[in-house]
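Below are the chains, spelled out letter by letter.
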Amino acid sequence: MKTPKLLRCLSILILIFSACRVTDAEIKITGAWARPGFAGENSAVYLEITSLEADDYLIQVETASASVTELHRSVKKDDGTIGMHHQIQIELPANQPVEFSPGGLHIMLMGLSADLMSGDELKLTLVFKNQGEVVIDVPVTAP
Amino acid sequence: MDQRKHFPNTKTYSFYLIANLFLHSACTSKPYAWRGTAYDPPKLAPDFSISHETGNSFTLSERKGTIILLYFGYTFYPDVCPATAAIMSSVFTQLEPSPDEIQFVMMSIDPERETPEAVDEYMRRFHPDFIGLWSERDQLEKIQEDYDILAMREPSENPETYLITHTARVFLIDQQGFLRAHYPFGSIPEDFIMDLTYLIEH
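Just so we're clear, the structure is a prediction, and the values are computed from it rather than from any experiment.

So, how was this worked out
- Counting starts from 1 at the beginning of each chain's written sequence and moves along it residue by residue.
- Each chain gets a letter, beginning with A, and each ligand a number, beginning with 1, in the order they are written.
- The predicted origin of the model limits local features to residues at a pLDDT of at least 70 and limits the giving and counting of side-chain atom pairs to 80 or more, whereas totals for whole chains, interfaces and linings rest on all residues.
- In computing side-chain properties, one takes all heavy atoms of the structure into account and sets aside hydrogens as well as water.
- Secondary structure elements follow DSSP: runs of H or I no shorter than four residues count as helices, runs of E no shorter than two count as strands, and numbering proceeds from the N terminus.
- Buried residues are those whose accessible area, probed at 1.4 Å on protein chains only, stays under 20% of the maximum for their type, while exposed residues exceed 50% and partly exposed ones sit between those limits.
- Only heavy atoms matter for contacts: two residues are in contact if any of them lie within 4.5 Å across the pair.
- Accessible areas in this description were obtained via Shrake-Rupley with a 1.4 Å probe; residue shielding takes into account the shown protein chains only.
- Here, nonpolar core means buried Ala, Val, Leu, Ile, Met, Phe, Trp, Tyr and Cys residues that are tied together by side-chain atoms lying within 4.5 Å of each other.
- A score from 0 to 100, pLDDT tells how confident the predictor is in each residue.
- Every angle, taken between N-to-C directions, lies between 0 and 180 degrees, and every axis is a line fitted to C-alpha atoms, over only the stretch in contact when it is a helix.
- Angles are sorted into four bins: roughly parallel if under 35 degrees, roughly antiparallel if over 145, roughly perpendicular if 65 to 115, and oblique for all others.
- Handedness of a helix crossing follows the sense of rotation of the near helix relative to the far helix, less than a right angle counterclockwise being left-handed and clockwise being right-handed.
- Under the scheme applied, nonpolar residues are Ala, Val, Leu, Ile, Met, Phe, Trp, Tyr, Cys and Pro; charged residues are Asp, Glu, Lys and Arg; polar residues are all the others, including Gly.
- A 1.4 Å probe defines the accessible area here, and the buried area is the portion of it lost by two parts on being joined, summed over both.
- Salt bridges, as used here, are contacts in which a Lys or Arg side-chain nitrogen is within 4 Å of a carboxyl oxygen on Asp or Glu.
- Counting of polar contacts relies on pairs of N or O atoms within 3.5 Å, with two restrictions inside protein: one atom must be capable of donating a hydrogen and the other of accepting it, and residues adjacent in sequence are counted only when both atoms are side-chain atoms.
- At least two DSSP bridges between two strands are needed for those strands to be called paired.
- Both cavities and pockets are sets of points on a 1 Å grid over the protein atoms alone; in a cavity a 1.4 Å probe fits but cannot get out, in a pocket the set is open with protein on both sides within 12 Å along at least five of seven lines, and lining residues sit with an atom within 4 Å of a point.
- Grid points are joined across faces, edges and corners, and a volume is the space filled by probe spheres set on the points.

**Quick notes on the overall build of chain B**
Per the secondary structure count, chain B includes 6 helices and 10 strands. Split into buried and exposed, the 202 residues of chain B put 46% on the buried side. Of the contacts formed within chain B by residues at least 6 apart in sequence, a portion of 70% connects residues at least 24 apart. Carbon and sulfur atoms provide 55% of the accessible area of chain B, an area that totals close to 10700 Å².

**Structural notes on the overall build of chain A**
Across its full length, chain A carries 1 helix and 10 strands. Overall, chain A shows an N-to-C arrangement of helices and strands of α-β-β-β-β-β-β-β-β-β-β. Within the span of chain A, comprising 143 residues, buried residues form 37% of the whole. In chain A, the share of contacts with a sequence separation of at least 24, taken over all contacts with a separation of at least 6, comes to 67%. Here chain A displays about 8100 Å² of accessible surface, and carbon together with sulfur accounts for 56% of that area.

**Here's the deal with the nonpolar core**
By size, the foremost hydrophobic cluster in this structure holds 61 residues, and its most contacted members are B:Leu69 and B:Tyr147. Ranked by the residues each element gives to this core, the list is headed by helix α3 (residues 80-95) of chain B, at 7 residues. Contact partners of B:Tyr147, with chain neighbours within four places excluded, come to B:Ala45, B:Pro46, B:Phe48, B:Leu60, B:Leu70, B:Phe72, B:Phe171, B:Ile173 and B:Leu179. The next biggest cluster of nonpolar side chains, apart from the first, holds 26 residues, and it includes A:Ala34, A:Leu47, A:Ile49 and A:Phe128.

**A word on the confidence of the model for chain B**
Across chain B, pLDDT averages 89, with 86% of residues at or above 70. Here helix α1 (residues 2-6) of chain B stands out as the least confident element of chain B, with mean pLDDT 44; strand β4 (residues 67-73) of chain B is the most confident, with 98.

**Details of the packing of α3(B) against helix α6 (residues 189-201) of chain B**
Residue and element names in this part refer to chain B. It is at 9 Å that the axes of α3 and α6 come closest, and there the two elements cross at 50°. Here α3 is positioned oblique relative to α6, judged by the angle of their axes. As for the relative orientation of α3 and α6, their crossing is right-handed in sense. Contacts between α3 and α6 involve Ile87, Met88, Ser90, Val91, Gln94 and Leu95 on the former and, on the latter, Pro189, Phe192, Ile193, Leu196 and Thr197. For the contact of α3 with α6, the class distribution of residues is 8 nonpolar, 3 polar and no charged.

**Structural notes on the interface of chain A and chain B**
Taken together, the contacts link 25 residues of chain A with 22 residues of chain B. In this assembly, chain A packs against chain B so that about 1800 Å² is buried in total across both faces, 60% of it on carbon and sulfur atoms. One can count 1 salt bridge joining chain A with chain B. Measuring nitrogen to oxygen at the nearest pair gives 2.6 Å for the salt bridge that ties B:Arg125 to A:Glu41. The interface formed by chain A and chain B includes 11 residue pairs in polar contact (both at pLDDT 80 or more). Those elements giving two or more residues to the side of chain A that touches chain B turn out to be β2 (43-52), β4 (66-76), β5 (81-87) and β8 (105-112) of chain A. In terms of residue count, the dominant contributor to the side of chain A that touches chain B is β5(A) (4 residues). Here the residues of the side of chain A that touches chain B are counted per class, giving 9 nonpolar, 11 polar and 5 charged. Bridge count for β5(A) against strand β8 (residues 164-167) of chain B is 2 bridges, and the pairing is antiparallel. Note that in β8(B) the partner of A:Ile82 across the bridge is B:His166.

**Some words on the layout of surface pockets**
Within this model, the largest pocket holds a volume of roughly 580 Å³. In terms of lining residues, the largest pocket is bounded by 27 residues, among which A:Pro36, A:Gly37, A:Glu41, B:Tyr122 and B:Arg125 are the most central. Secondary structure elements with two or more residues in the lining of the largest pocket: α3 and α4 (116-126) of chain B. Of all the elements, α4(B) adds the most residues to the lining of the largest pocket, at 5 residues. Of the residues assigned to the lining of the largest pocket, the class counts are 13 nonpolar, 7 polar and 7 charged. Considered as a void within the structure, the second largest pocket measures approximately 360 Å³ in volume. If you go around the second largest pocket, you meet 19 residues; those closest to its centre are A:Glu70, A:Met110, B:Ser156, B:Glu157 and B:Thr161. Among the secondary structure elements, those contributing two or more residues to the lining of the second largest pocket are β4, β5 and β8 of chain A. Of all the elements, β4(A) adds the most residues to the lining of the second largest pocket, at 4 residues.

**Some words on empty space enclosed by the protein**
Gaps left between atoms show up when a probe the size of a water molecule is rolled over them. Residue and element names in this part refer to chain B. Within the structure shown, the criterion is met by 2 cavities of 30 Å³ or more. In terms of lining residues, the largest cavity is bounded by Tyr71, Thr84, Ile87, Ala168, Arg169, Val170, Tyr183, Pro184, Phe185, Gly186, Ser187 and Phe192. Put simply, the parts of the chain that give the lining of the largest cavity at least two residues each are α3, β9 (169-173) and β10 (178-184). Residue classes in the lining of the largest cavity are distributed as 8 nonpolar, 3 polar and 1 charged. Roughly 40 Å³ of internal volume is contained in the second largest cavity. What lines the second largest cavity is Leu60, Arg63, Lys64, Thr66, Ile68, Ile173, Asp174, Gln175, Gln176 and Gly177. In the lining of the second largest cavity, the residues fall into 3 nonpolar, 4 polar and 3 charged.

Put into structure tokens, the structure is as follows:
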């Protein structure tokens, strides 16, 4: 049986479109944990973020559990000292996991609004330049 | 007999045993390779004596017989100092030393914002036997100088929330009061466990 020309064109077009499927960029977050601390004290959150498919930037973090939330990086200098640097944004190259870990990148929580004890959870909103907000629950664990 | 599973061939197993014996004797004849940065020769640890009405009193030279792990830090910043205390906590959990055998001591480098009780309470969160020390600024500066500790207060808009860039190093002082090694931030519990075990056994 002879396929009508129109149908053939249409199936080719469908094939082309499905091949160049538009990929949904996505943020993958794993291994999040927060240090315990008492109300009024400070804490830090550690995690691993991967921006899948496209570059992005972590530009802000918000939580009701602390009065100030900042992106920080601890940096070891040649003289053996460690200093902390406030970061305006964290670059997330596509498909490259960026690790926040003790002595490196971390989310600093200043002035905890309540005690954070092992077993508690804390709600954190991560704001990305391109992909908007991602809300996560972070378990508090004694390191 | 579990081991034999990995060495089904008797010949291979014998070879492994002989090689192991050889390696063992080769290693024991060499000086111990410290995991930390060793003091060669060991250096007498500068003495200091802290005494006040509240908080801990502590005189280093009176602690002979005990291995002292000494760190200089502050409680405000939630990253490097608690990470160090957590690593030491893991060391203590694994070695289970008595307070006469090993002590971990943190000297506050932030006496203006901290109190003797607060430093000590903070340390005990990580392990009930950890000790937090506090001294007046002028005495602290002398101790920092003796141990080559740099501590610089960073400029801050809010005078309450300044950060301190500081030397993050753990000192290992042996039972005779000699500095034997120091450890940079990033050392793992295993590094301390190996060196402490060596010190206890020798």
